[in-house]
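Survey of secondary and tertiary structure
Here's the letter readout for the chains.
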Amino acid sequence: IRPFHGYTATRYFLLASYERRYYDSDQRDGSAIKLQLGLSKRVTDTVTLYAGFIKEEIDAAESIGVFDADNNRFYLNADFRLGQKNTLYTALSYTDGDIVSTTVPNTNIINASSPFIVRDDAFLDLTPPRFAYKLSAKTTALTIGDTYSIRSNQAIDASLFYYKSEAVYDIDYTGLIAILNYIYRF
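On a predicted model such as this, the values are computed, not experimentally measured, just so you know.

A word on the overall build of the protein. Scanning the protein from terminus to terminus reveals 1 helix and 9 strands. Secondary structure of the protein in N-to-C order comes out as β-β-β-β-β-α-β-β-β-β. Viewed in the frame of its principal axes, the protein has a C-alpha envelope of about 55 × 35 × 35 Å. Counting the 186 residues in the protein, one finds 31% classified as buried. Long-range contacts, defined here as pairs at least 24 residues apart, represent 52% of the contacts in the protein between residues at least 6 apart. When the accessible surface of the protein is summed, it comes to about 11900 Å², and 58% of that surface belongs to carbon and sulfur atoms.

Encoded structure:
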């Protein structure tokens, strides 16, 4: 919805979705419901800002709660059009909710995640046994990337994704992921 006219007028949106999820893991199979409220605004002809809130509830049918999740995410994104074929972008988000990981558990993980810990059926062939566990965490993430259009139906997208999750019992996770995608539209 864009209630006002003009190139830089703010747009508001509401998105509600349901998705059915199928994996090669009975514990992970399930569904997700997502509600998203947001806005976008062109600041100039080269800069666009996005902000919003996402509420997501994941129900994994057979996970005894381990792969179920309830997340609240706030985000702020910006696109910077550097030229006709090139867009630099950044995204900052804060999520208060659940994280799931798989590992060979230690005492801290068992104590922190009980009763939400289960032998992970995606890794039954590994020794020692791997367990999936769920923790409540606060996660901050930052993405910086660039999309370069090769043609009207092809692009290259490169980005760096940094995240930091702080959970109970001082079980914290940080990481940096480099992503390179070739995008082709039919």
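Here strand 5 (residues 86-103) pairs with strand 7 (residues 131-151) via 18 bridges, running antiparallel. Following the sheet pairing, Ala-91 is matched in strand 7 by Thr-143. Bridge count for strand 6 (residues 117-119) against strand 7 is 3 bridges, and the pairing is antiparallel. Paired with Val-118 across the strands is Ala-132, a residue of strand 7. Here strand 7 pairs with strand 8 (residues 154-167) via 14 bridges, running antiparallel. The residue bridging Thr-143 from the neighbouring strand is Phe-161, located in strand 8. Between strand 7 and the antiparallel strand that follows it, strand 8, lie 2 residues.

The space that makes up the largest pocket amounts to roughly 570 Å³. Residue lining of the largest pocket: 20 residues in total, with Asn-71, Thr-95, Asp-98, Ile-99 and Thr-139 positioned closest to the centre. Where the lining of the largest pocket is concerned, the elements lending two or more residues are strand 3 (47-60), strand 4 (69-81), strand 5, strand 7, strand 8 and strand 9 (172-184). When residues of the lining of the largest pocket are assigned to their parent elements, the largest contribution, 8 residues, is made by strand 5. A breakdown of the residues in the lining of the largest pocket according to their chemical character gives 10 nonpolar, 6 polar and 4 charged. What lines the second largest pocket is simply Tyr-7, Arg-42, Thr-44, Asp-45, Thr-46, Val-47, Thr-48, Tyr-50, Asp-79, Phe-80, Arg-81 and Thr-87.

Criteria and cut-off values
- Residues numbered from 1 in each chain as written.
- Predicted model: local features only at pLDDT ≥ 70, side-chain atom pairs only at ≥ 80, totals over all residues.
- Heavy atoms only, no water.
- Helix = DSSP H or I, 4+ residues; strand = E, 2+ residues; numbered from the N terminus.
- Buried < 20%, exposed > 50% of the residue type's maximum accessible area, 1.4 Å probe, protein only.
- Contact = heavy atoms within 4.5 Å.
- Areas by Shrake-Rupley, 256 points an atom, 1.4 Å probe, with all protein chains shown as cover.
- Pairing = 2+ DSSP bridges.
- 1 Å grid on protein atoms, 1.4 Å probe; cavity = no way out; pocket = protein on both sides within 12 Å on 5 of 7 lines; lining within 4 Å.
- Points joined across faces, edges and corners; volume = space filled by probe spheres on them.
- Nonpolar A, V, L, I, M, F, W, Y, C, P; charged D, E, K, R; others polar.

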